[in-house]
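# Fold and geometry: a report
What follows is each chain in one-letter form.
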Amino acid sequence: MGSITPASPFNILRDTKPDDITLPAFMVSTTRGFLPRSEPIVKLPAEFDVLESILTRMPVKTLDGSPGLLATFTLGETVLKELPDLTSAIDKYKGNLPLQNALYRDYSFLASAYLLEPCHERFVNGEGYGLGRQTLPSVISKPISRCAELAGFKPFMEYAGSYALFNYQLVDPTKGLEYDNLRLIRAFEHGLDPKSSEAGFVLVHVDMVRNSGPLVDGVVSALDGCAAGDRESFNVGMDKVVTSMVKVNKVMDGMWGKSKPGDYISFRTFIFGITSQSMFPHGVIYEGVSDEPLSFRGESGANDSMIPLCDNLLDITMPKTPLTSILQDFRQYRPGNHREFLEYVKTRSTQLSLKSYALQDPVSSALYLLALNQVRDFRWRHWCFTREYILKKTSHPTATGGSPIVTWLPNQLQAVMQSMVDVWEGSGKRLGMDCEEVMERLYVQRETLRKEVEKYCQERKVEDN
């Protein structure tokens, strides 16, 4: 338990080296957590002025308030008329990895808007989504494939590298990451207005991840304490995990006021992926890149690294179902350094038998249960968002990432709830008043979830896997 040490310790940054352009934009740190090492690049080099011009004119509502290309449904023709293949310009800057990340962000916004523009037009006209464009022209497919390769992503929009965590800027650099100081760099609909629901949707995620540095620090401290057999250090680390996630969940709860449920479905059209979506039944041809259709999952908050980090630290057992397979597939859609860190934590927690170590002591057991409760709170709120923002607004059967909209989140939520029950009942229900109150709420919530899932499965004629 305290004697096993993994062969390859993970290099977690204390100094994020914000001026080092040879390092990837995303590297896990105890200061910025899962945010990029430094603030995202906003302005591209002059070689990309045409790309910048199209992206500036692209949103339904542009920065100056005028209708953009997506409002007039003219983005596609504008791309084909104006945009050259800038792959050679990308190669000119191949040694600048943060810039490659910015290019990836911008090309992924353009790719998604181009492919899904026809679906947006039908949605605006009150019709079903129908088919998206089935071919991505070479002026987008070649450069996005190149900058995605250099930056370490798949050539399609992802949550961290593009849509959310590399898509904010600071109004006043001296005020840092305070929510009111954040603005979007790119948007599809009304997101350049900081009070819009699109802006709120993205920026609340940034605000949540702002708290991930202490979470990372707590996870590392708990692992190190367990490895050393130092109960006090372990408990301090676990307490940091709980405290950090309490802050994350509090920020997450602010989504209700910053992004209205009735607005989400409108800009959601542009963040669908290709995999398991009716708009792209055979995938998408990347012209000049692949003769065979390609398929990628869409951006999803499920690609964030904070909850998977907790899952791996706490060694939460997920059921062996097709829904869990989707959860595992999502792991590919993160920055490479995030993926490596999550795998490191999973391996080390397992090797150290961290869960067993926690449950040998009543204080540690209570902290372990309270950490599970924060994961439950996060996933429960995510389910509530899904219910109010999506299930009550649309009959489309899949989420943006391609998972079944009714059953996927409950698959993970029910697993966490069962883990909590196992710990509580295994302790003889003697872990203190805080844990007792947590479990009283849990038993009620678990029954509520069961009834809600059953209701939506019946209404939509889907099986609860």
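Right, let's walk through the structure included here. (Residues numbered from 1 in each chain as written. Predicted model: local features only at pLDDT ≥ 70, side-chain atom pairs only at ≥ 80, totals over all residues. Heavy atoms only, no water.)

### Looking at the nonpolar core
In summary, soluble globular proteins display a tendency toward joint burial of nonpolar side chains. Judged by nonpolar contacts, the single largest core of 157 residues is most densely connected at L110, I140, F188 and F341. Among the elements that line this core, the one with the most residues is helix α16 (residues 362–391), at 15 residues. Filtering out sequence-adjacent residues up to four positions away, F188 remains in contact with M58, P59, V60, L70, F109, S112, A113, M157, Y163, E198, F270 and I271. (Core = buried A, V, L, I, M, F, W, Y, C linked by side-chain atoms within 4.5 Å. Buried < 20%, exposed > 50% of the residue type's maximum accessible area, 1.4 Å probe, protein only. Helix = DSSP H or I, 4+ residues; strand = E, 2+ residues; numbered from the N terminus. Contact = heavy atoms within 4.5 Å.)

### Here's the deal with the pattern of salt bridges
When the charged atoms of two side chains lie near each other, side chains of opposite charge can form a pair. Enumeration over the complete set of coordinates arrives at 25 salt bridges. A salt bridge links D377 to R376; the shortest N-O distance between them is 3.9 Å. With respect to class, D377 is no different from R376; both count as buried. With a closest N to O distance of 3.1 Å, E459 and K455 form a salt bridge. Taken together, the residues E459 and K455, both in helix α18 (residues 433–460) and 4 residues apart, mark about one turn of the helix. (Salt bridge = Lys/Arg side-chain N within 4 Å of Asp/Glu carboxyl O.)

### Remarks on unusual backbone geometry
Leave glycine aside and you will find that most residues have negative phi; peptide bonds, for their part, are mostly trans. Here K17, not a glycine, exhibits a phi torsion of approximately 50°, which is positive. Mapped onto the elements of the fold, K17 is located in the segment before α1 (49–57). For F73, which is not glycine, the phi dihedral falls at a positive 60°. Here F73 shows up in the loop between α1 and α2 (75–82).

### So, the packing of aromatic side chains
As enumerated under the stated definition, the model contains 26 aromatic pairs in all. Residues F109 and F188 carry aromatic rings whose centres are separated by 4.7 Å and whose planes lie at 25° to one another, so their mutual orientation is stacked. Of this pair, F109 sits in helix α4 (residues 97–124) while F188 sits in the loop between β3 (182–184) and α7 (197–209), and the two are 79 residues apart along the sequence. The class of F188 is buried, set by a relative accessible area of 0%. For the pair F123 and Y129, a centre-to-centre distance of 6.3 Å together with 15° between the ring planes defines the contact as stacked. The class of F123 is partly exposed, set by a relative accessible area of 27%. Exposure remark for Y129: the relative accessible area of 10% places this residue in the buried category. The structure contains a cluster of three or more aromatic residues connected by ring pairs, namely F109, Y163, F188, F201, W256, Y264, F267, F270, F385 and Y389. In this structure, R133 is placed above the aromatic ring of Y114, and the distance from its NZ or CZ to the ring centre is 4.6 Å. (Phe/Tyr/Trp six-rings, centres within 6.5 Å; stacked < 30°, edge-to-face > 60°. Lys NZ or Arg CZ within 6 Å of the ring centre and 35° of its normal.)

### Examining helix α13 (residues 322–330)
Since there are 3.6 residues in each turn of an α-helix, residues three or four apart along the chain are aligned in direction. Within α13, the full set of buried residues consists of L323, T324, I326, L327 and F330. Down the axis, α13 shows its buried residues gathered within 150° of arc, on one side only. The inward-facing, buried residues of α13 abut α17 (408–426). (Arc of directions from axis to C-beta.)

### Considerations on the environment of P319
Within the secondary structure, P319 sits in the loop between α12 (306–314) and α13. On the basis of relative accessibility, which here comes to 30%, the residue P319 falls in the partly exposed class. C-alpha of P319 to C-alpha of S427: the two residues are 108 residues apart in sequence and 23 Å apart in space. If we ignore the near neighbours within four places in the chain, the residues touching P319 are T324, N411 and A415.

### Section: α2
Where α2 is concerned, the buried positions are L75, G76, T78 and V79. For α2, the angular spread of the buried residues around the axis is 165°, confining them to a single face. Across α2 from its buried face, at more than 90 degrees, point the exposed residues E77, L80 and K81. Looking at the buried side of α2, the elements it contacts are α1, α4 and α5 (138–151).

### Some remarks on the side chain of R268
Residue placement: R268 occurs in helix α11 (residues 261–268). Buried within the structure, R268 lacks any salt-bridge partner; its nearest side chain of opposite charge belongs to E299, at an N-O separation of 8.5 Å. (Lys, Arg positive; Asp, Glu negative; His and termini not counted.)

### Overview of the packing of α11 against α16
At a closest axis distance of 8 Å, the pairing of α11 and α16 adopts a crossing angle of 70°. Judged by the angle between their axes, α11 and α16 are roughly perpendicular. Of the residues in α16, those in contact with P261, Y264, I265 and R268 of α11 are E388, Y389 and I390. Its residues assigned to classes, the contact of α11 with α16 comprises 5 nonpolar, no polar and 2 charged. (Axes fitted to C-alpha atoms, helices over the stretch in contact; angles between N-to-C directions. Parallel < 35°, antiparallel > 145°, perpendicular 65-115°, else oblique. Nonpolar A, V, L, I, M, F, W, Y, C, P; charged D, E, K, R; others polar.)

### A short note on the environment of F34
Mapped onto the fold, F34 is located in the segment before α1. Accessibility expressed as a relative area gives 1% for F34, which makes it buried. In this view, F34 contacts F26, V28, L165, V209, S212, V216, S305, M306, L309, H338 and F341; residues no more than four positions away in its chain are not counted.

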